[in-house]
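A closer look at the structure
Residues per chain, in single letters:
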Amino acid sequence: MKERIATPTKTKEIIEANGFYFKKNFGQNFLIDSNILEKIVSCAGIGAQDCVLEVGPGIGSLTQVLAENARRVVAVEIDSNLIPILQQMLSGYEDTVRILNQDILKTDIDAIIREENGGDAIKVVANLPYYITTPIIMDLLEQQRNVDSITVMVQKEVAERMQAAPGEKEYGALSVAVQYFCDASLDMIVPPSCFMPRPKVDSAVITLRVRKEKKFAVENEAFFFQVVKCAFSQRRKTLYNTLRNEKELHILAQSAADAIKEMGLDEKVRGEKLSVAQFAELSNLLWRKKAEGGFTAE
Ligand code: SAM
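Residues numbered from 1 in each chain as written. Predicted model: local features only at pLDDT ≥ 70, side-chain atom pairs only at ≥ 80, totals over all residues. Heavy atoms only, no water.

**Focus on the overall build of the chain**
Across its full length, the chain holds twelve helices and nine strands. Along the three orthogonal principal directions, the C-alpha set of the chain runs to about 65 × 40 × 30 Å. Burial status across the chain gives 52% buried among its 298 residues. In the chain, 70% of the contacts between residues at least 6 apart in sequence involve partners at least 24 apart. Surface summary for the chain: the accessible area is close to 14,000 Å², and the carbon and sulfur share equals 48%. One finds the centroid of the 37 positive side-chain charges in the chain at a distance of 5 Å from the centroid of its 41 negative side-chain charges. (Helix = DSSP H or I, 4+ residues; strand = E, 2+ residues; numbered from the N terminus. Buried < 20%, exposed > 50% of the residue type's maximum accessible area, 1.4 Å probe, protein only. Contact = heavy atoms within 4.5 Å. Areas by Shrake-Rupley, 256 points an atom, 1.4 Å probe, with all protein chains shown as cover. Lys, Arg positive; Asp, Glu negative; His and termini not counted. Charge placed at Lys NZ, Arg CZ, Asp CG, Glu CD.)

Shown next as structure tokens:
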């Protein structure tokens with residue numbers, strides 16, 4: 001085992017030796033507690049056959065532990081100033097680690113899965129840059145990338161959002177997407193003192209296990225997600241009013257009213273009260289009504 005990068009002394013030494021400055025806009029809070037890193041890798045269940053996608057390796061603290069456990073690690077880092085540091089810190093792990101200097105939101109993840117794992121499911125493990133947590137998770141889930149599980153450090157409040165139940169303040173489109181595709185488990189809460197620099201909020205590690213079998217029968221998933229996003233777009237309005245006013249859904253006001261009634265819901269119900277199963281039923285009803293001619297012009 002090589003010397004750990006994730007200690008306060010070592011991290012400081014690397015930063016200073018390379019004249020590196022943390023960039024707030026890239027969400028750079030590096031982990032400096034190697035016990036936490038070991039736990040993340042263990043919660044992710046990384047084994048010798050696994051291919052792992054890491055988002056934002058930073059100076060390689062988590063990458064190092066992943067490399068010692070996995071068959072292959074692809075680490076995507078946006079900050080070009082970190083690339084020479086990563087290459088230096090991960091020397092000795094070249095056979096296992098591939099570093100890509102790219103924006104994860106513009107990365108062809110399907111190509112990585114094909115090239116690095118013959119198209120088989122990979123695992124995603126990351127201490128995420130908090131400013132783009134939701135787009136990263138939504139892309140992995142909605143685009144149905146071939147991912148087995150996602151183990152990520154996120155803001156504690158975001159982990160709560162992912163697990164929130166209907167009617168709770170945190171319940172939203174992210175909760176529905178996560179619960180539609182995955183079984184989630186909260187692995188641990190991580191205090192600001194485990195990072196350099198320290199974030200203002202508590203963090204949490206959460207594992208999302210993508211179900212192999214679908215739990216909810218949805219006729220058109222793209223439409224389902226449009227309905228969900230619409231339902232949460234204006235939380236103060238009733239479900240009927242948000243559906244009726246959303247032009248992109250192309251549904252008639254009457255279809256919205258009928259669907260809500262057929263489901264036995266109160267006409268004044270708000271979207272945030274619907275469970276994932278109820279969203280599935282609602283989107284199926286609306287989809288069928290559209291197919292029967294109940295749609296507005298494109
Ligand atoms: N993995 C390291 C650790 O645990 O110490 C660093 C984690 S830090 C919270 C987030 C990392 O994501 C930073 O290195 C940052 O530069 C990188 N990052 C930010 N935006 C990114 C993006 N769009 N694509 C890829 N990496 C990004």
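**Overview of the site of the ligand**
Residues in contact with the ligand amount to 24 residues; listed here are only the nearest, Leu-31, Gly-56, Glu-77, Asp-103 and Tyr-131. Gln-28 places a polar side-chain atom, nitrogen or oxygen, 2.9 Å from an oxygen atom of the ligand. One of the side-chain N or O atoms of Asn-127 is found 2.9 Å from an oxygen atom in the ligand. Within the complex, the protein chains bury 99% of what would otherwise be the 600 Å² of accessible surface of the ligand. Assessed atom by atom at 2 Å from the grid points, the ligand resides in the largest cavity. Secondary-structure elements contributing two or more residues to the shell around the ligand are β1 (30-31) and β3 (72-77). Considered class by class, the residues forming the shell around the ligand number twelve nonpolar, eight polar and four charged. (Near = heavy atom within 4 Å. Polar contact = N/O pair within 3.5 Å; in protein donor to acceptor, adjacent residues only side chain to side chain. 1 Å grid on protein atoms, 1.4 Å probe; cavity = no way out; pocket = protein on both sides within 12 Å on 5 of 7 lines; lining within 4 Å. Sits in = over half its atoms within 2 Å of the grid points. Nonpolar A, V, L, I, M, F, W, Y, C, P; charged D, E, K, R; others polar.)

**Describing the sheet that holds β3**
Strand pairs in the sheet, formed through backbone hydrogen bonds, run parallel or antiparallel to each other. Read from one edge of the open sheet, seven strands run β4-β3-β2-β5-β6-β9-β7, paired in mixed fashion. Each having just a single partner strand, β4 (97-101) and β7 (182-190) make up the two edges of the open sheet. Geometrically, the sheet is characterised by an average inter-axis angle of 15° between neighbouring strands, direction not taken into account. Where strand β5 (residues 122-127) and strand β6 (residues 147-155) come together, six bridges link them in parallel fashion. Bridging across to β6, Asn-127 finds its partner in Met-153. Sheet strands touched by helix α8 (residues 173-181): β7 and β9 (203-210). Its angle to β7, the strand with the most contacts, is close to 120°. (Pairing = 2+ DSSP bridges. Axes fitted to C-alpha atoms, helices over the stretch in contact; angles between N-to-C directions.)

**Side note on the packing of α8 against helix α9 (residues 221-233)**
Where α8 contacts α9, the axes come no closer than 9 Å and their chain directions differ by 150°. Between α8 and α9, the crossing angle belongs to the class labelled roughly antiparallel. Here α8 contributes Ala-173, Val-176, Ala-177, Tyr-180 and Phe-181 to the contact with α9, which in turn contributes Glu-221, Phe-224, Phe-225, Val-228, Lys-229 and Phe-232. (Parallel < 35°, antiparallel > 145°, perpendicular 65-115°, else oblique.)

**Details of the packing of aromatic side chains**
In total, this model carries twelve aromatic pairs according to the counting rule given. Each ring, one from Phe-223 and one from Trp-287, has its centre 5.1 Å from the other, and the planes form 50°; the classification is tilted. In this pair, Phe-223 is assigned in helix α9 and Trp-287 in helix α12 (residues 276-291), connecting sequence segments 64 residues apart. Here the aromatic cluster, defined as three or more aromatic residues joined through ring pairs, consists of Tyr-180, Phe-181, Phe-216, Phe-224 and Phe-225. (Phe/Tyr/Trp six-rings, centres within 6.5 Å; stacked < 30°, edge-to-face > 60°.)

**Here's the deal with α9**
In this model α9 runs 18 Å from its N-terminal to its C-terminal C-alpha over 13 residues, within 8% of the 18 Å that 1.5 Å per residue would give. When α9 is considered as a whole, its buried residues turn out to be Glu-221, Phe-223, Phe-224, Phe-225, Val-227, Val-228, Cys-230, Ala-231 and Phe-232. If you follow the buried residues of α9, they end up packed against α6 (133-142), α8, α10 (239-245) and α12. Taking the backbone nitrogen of Ala-222 as reference, a side-chain oxygen 3.1 Å away marks Asn-220 as the first, capping residue of α9. (Expected span 1.5 Å × (residues − 1).)

**Considerations on the environment of Met-162**
For Met-162, the location among the structural elements is in helix α7 (residues 156-163). Sequence spacing of Met-162 and Leu-105 is 57 residues, and the spatial spacing of their C-alpha atoms is 20 Å. Other than its neighbours up to four places away in sequence, Met-162 contacts Thr-133, Ile-137, Val-154, Leu-174, Ser-175, Val-178, Gln-179, Ile-206 and Leu-208.

**Details of α6**
Regarding α6, the residues found buried are Thr-133, Ile-136, Ile-137, Met-138, Leu-140 and Leu-141. One or two residues past the end of α6 sits Gln-144, with phi positive at roughly 50°.

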